[in-house]
Amino acid sequence: MHKISEDEKKILGFRANLVAYLILLIGGGLLVTKVSQKMFMQHQYWLNVQARLVKDSVQVTPRRGNLLSDEGDLMVTTLPEYKVYMDFGMPALKNRNKVSKAVLKRYKKDSLAKRNAYNDSTRLLFAKELHRIFPNTSTKHFLSKINNGYKTQSRYCQLYSPLITHSDYREVEAAAYRLFGSQHGLTHSSQEIRNHPFGSLASHTLGSFRTVEAKDKDGKILPKDRPTAGLEVAFNQDLKGEAGLKKRRRIFNRYRDDVLIPAVQGADIVTTINVNMQDICETQLRQEIATLKERNKTVLQGMVILMEVKTGYIKAIVNLSPNENGEYTERNNRALTDAMEPGSTFKTASLMVALDDGMITMKDSVDTGEGMKVMYGSKNKDWYYERQHYLNAINKTPGKPYYDHALNVQEILEQSSNIGTAVLIDKHYKNCPEKFIDGLKRIGILDSISLQGLRVNRPSVIEPSKTKGVWSKSTLPWMSFGYNSKMAPINTLCFYNAIANNGKMMTPMLATEIQYEDHIEYLKPKVLRQHICKASTLREIQHMLEGVVNNGTGKSAGNSEFGVAGKTGTAQIYLPIYGYAHKRKLGSFAGYFPSESPRYSCIVVLEGASMSSHDAADVFGEISRHVYAQCLTRGVNMAIDSITEPTPKVACGNIILAEKALDVLDISDKDINIKAPQTTQEYQMPNVYGMGLRDAIATIEHTGAKVTQVQGHGKVFRQFPHAGSRISNHTQVSITLK
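An account of the accompanying structure is given in this report. Fair warning: this is a prediction, and the values are worked out from it, not measured in the lab.

### Points about the packing of aromatic side chains
Any pair of aromatic rings gets described here by the distance separating the centres and the angle formed by the planes. Applying the stated criterion across every chain yields a total of 16 aromatic pairs. Judged by centre distance (4.7 Å) and plane angle (55°), the ring pair of F589 and F620 falls under tilted. On the criterion of sequence distance, the pair formed by F589 in strand β27 (residues 584–593) and F620 in helix α20 (residues 613–631) is long-range, its members being 31 residues apart. Of the two residues examined, F589 and F620, each falls in the buried class. When the ring of F593 is compared with that of F620, the centres are 6.1 Å apart and the planes differ by 90°; the resulting orientation is edge-to-face. With F593 in strand β27 and F620 in helix α20, this residue pair connects regions lying 27 residues apart in the sequence. F620 shares its class with F593; the two are buried. A connected cluster of aromatic rings, assembled from ring pairs, spans F562, F589, F593, Y600, F620 and Y628. Of note, R123 hangs over the ring of Y150, and the distance from its end group to the ring centre comes to 4.2 Å.

### Some thoughts on helix α15 (residues 418–429)
Here α15 contains 12 residues, and its C-alpha end-to-end distance of 16 Å stays within 8% of the 16 Å for a straight helix at 1.5 Å per residue. A large share of α15 lies buried, amounting to nine of its 12 residues. Residues of α15 that are buried: N418, I419, G420, T421, A422, L424, I425, D426 and Y429.

### Observations concerning the pairing of β27
Burial analysis of β27 places eight of its 10 residues in the buried class, the great majority of the element. As judged from the eight bridges shared by strand β26 (residues 565–572) and β27, these two strands associate in the antiparallel manner. Bridging from a neighbouring strand, T570 pairs with G587 of β27. Of the pairings in the sheet, the one linking β27 to strand β28 (residues 600–609) comprises 10 bridges and is antiparallel in character. In the sheet register, F593 faces β28, and the bridge partner there is Y600.

### Describing the sheet that holds strand β14 (residues 314–322)
With respect to topology, six strands assemble into an open sheet ordered β15-β14-β13-β28-β27-β26, the strand pairing being antiparallel. Edge positions in the open sheet fall to β15 (328–329) and β26, since each of these has one partner strand only. Packed onto the sheet, helix α19 (residues 535–551) meets β26 and β27 and runs at close to 70° relative to β26.

### Comments concerning the side chain of R210
Looking at the secondary structure, you find R210 in strand β6 (residues 208–210). Since its relative accessible area comes to 18%, R210 is described here as buried. Residue contacts for R210: discarding those within four places in its chain leaves L222, P223, K224, D225, R226 and T228.

### Considerations on the packing of helix α12 (residues 347–356) against α15
The interhelical angle for the contact between α12 and α15, taken along N-to-C directions, is 35°, at an axis separation of 11 Å. α15 is crossed by α12, and the crossing has left-handed handedness. Residue-level contacts link K347, S350, L351, V353 and A354 of α12 to N418, T421, L424, I425 and Y429 of α15. For the contact of α12 with α15, the residue count by class is six nonpolar, three polar and one charged.

### Quick word on unusual backbone geometry
With an omega of -20°, the peptide bond running from F593 to P594 counts as cis. When you line up the elements, P594 lands in the loop between β27 and β28. F720 connects to P721 through a cis peptide bond whose omega is 5°. Relative to the elements of secondary structure, P721 occurs in the loop between β30 (716–720) and β31 (732–737). Residues other than glycine seldom take positive phi values, yet S416 does so here, at roughly 50°. Among the structural elements, S416 can be located in the loop between α14 (409–414) and α15. One non-glycine residue, N502, lies in the positive phi region at around 55°. Residue placement: N502 occurs in the loop between α18 (489–500) and β22 (505–506).

### Comments concerning the nonpolar core
With 91 residues, the main nonpolar core has F436, L440, I445, I490, F495 and I499 as its most contacted residues. Counting residues per element, this core draws most heavily on α18, which supplies eight residues. Excluding its chain neighbours within four sequence positions, the residues that come into contact with L440 are F346, A349, V353, I445, L446 and M479. Within the second largest apolar cluster, 31 residues are counted, among which are L292, Y328, F593 and F620.

About the cut-offs
Residues numbered from 1 in each chain as written. Predicted model: local features only at pLDDT ≥ 70, side-chain atom pairs only at ≥ 80, totals over all residues. Heavy atoms only, no water. Phe/Tyr/Trp six-rings, centres within 6.5 Å; stacked < 30°, edge-to-face > 60°. Helix = DSSP H or I, 4+ residues; strand = E, 2+ residues; numbered from the N terminus. Buried < 20%, exposed > 50% of the residue type's maximum accessible area, 1.4 Å probe, protein only. Lys NZ or Arg CZ within 6 Å of the ring centre and 35° of its normal. Expected span 1.5 Å × (residues − 1). Pairing = 2+ DSSP bridges. Contact = heavy atoms within 4.5 Å. Axes fitted to C-alpha atoms, helices over the stretch in contact; angles between N-to-C directions. Left-handed = near helix turned anticlockwise from the far one by under 90°. Nonpolar A, V, L, I, M, F, W, Y, C, P; charged D, E, K, R; others polar. Core = buried A, V, L, I, M, F, W, Y, C linked by side-chain atoms within 4.5 Å.

Set out below in structure tokens:
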């Protein structure tokens, strides 16, 4: 045997070490390469894998709250809407890689584009069904889309472009199932849309919500899921709720969600809007617009606000203007945001200041002549001047006055005399115009209004101390009858509402409740001013406003059934290029009804060529009559004749106590129908609307729920949770009586 020398041992050792180093080097290089590849080249891939398997802190989107009417009607809610497609290729398979070749081959043969059942006649029948469901699109159009998708074996052939409701989608699905069976190939995508069940009623005031990305005029991308107008913006923090957090894990091809922080659902907002009154106001305004159009008078903007006198709750608000197609829609909220010169409705404020300051009395008078008076180089005309001037010229009696006597303060307001108002204010305030401005501020007509987060323009007038170079001798007299001042219709209405409310000015409101998941926040009426003027001045103003309707320019706003008080107003509109030298005018009427015991105040404003206050008064008159007929109740004595014996209405509730009450009233239970307590499904909230407090509590607590909050007096007007809602033994119930 050959003996290995020391040199050979060294060589063999070196070779062994070299092989070991090479193996380590190559192995390390491969390891580094693989790690680098995972870390850098496949970074996104492994992030996606991680995202599929584990998702920490996934946001849970809460349900956005609803907007309700004053009676609980759903005015804005969130509903799913769909885009509907047809898959003319292979049906979708969840785990395509794991499907056997035989199954995959069968599915390919069974695709809609290759099924014998999917022939010309079935395609035509399906197109006819789609036309029946969507009559605004022709059968020919649907058939063309279906045939094109059939030929190209399109996987996503959109059958109908606009989003459709859930009920429409169910109809389309049923039609496809009847014609093609279970493998009909119908697919869809959905998105949440803010829906207005009552259509355009108060749509701009309620607001809008952008659910998809959009672009503005400059091409800037506007983010989705954002409120854009109205109460949607004002109460966004309450409506949107609070997002929750959950951890999502994928285990054996299934997702498991572990809730970390539960989402707080958005609150419902109860608005002051009354659906019936809103419909009345919008309908009457649209009818007047159509009538004026027949007389070749185009309305550029029509506005109505109806307010409850005692509370300041806005029961209806309408803003109509023509769009590009000439259709009148809610496009903006000018009744709140547009500051405009009010015209003659401002005369009431001017005379109130003068009466309150003791500068004039009801016996003061002004000779208005034939209706034109030059004041500081400018012609001041009354509404009848053109007519009287023409008659004087025909009869050759120049200078003959329109009235045969000087007008007193009552008649100045009734006949809406610019000359009478301007002469009185100029006579007593020309040397101290600041006092007149201070008086306007004192009576509240220049108060800024905060309308629960909605933007309202601040009213303003030209002031001598703040507008140097603008104030002139003619500024004050023209201000007295509605120029040199700017305010939105809501400001004018607040002033007239205060007159109706015995001098108490209320802050206008559009929401009364915020209904959270666990409690209700009540938004109470707020007083802006306790008194706008002296009690004696107020009585005189109220009497004059009744005279405007009974004897003056506002006769068309009145009726024989109940009293109406208010003031007409007409103002020329200033345009930057033309000034006042054009026919575009603002006609308005502001007032309240019934004047004997005011319940509602209202303002109507019409803007357009040759518009007058009589047009606005016509709308006011129709609105007041319809609201009075539908919404104001009379006493029970007016509803029965001399031989009728009224009997009380006995609703469900505590029947034993009801029978005792009938015995005390000496009314036999045979004469009336005593309703048995209503039965509801287990764990459902009963309907206690219209019950007395004791009956309501008995009915509710019979289910195990507890009444924890009661407001008001009378009968149940509102309940929360709503009737039919799921409840438990620990549910806390709030009821409101009215």
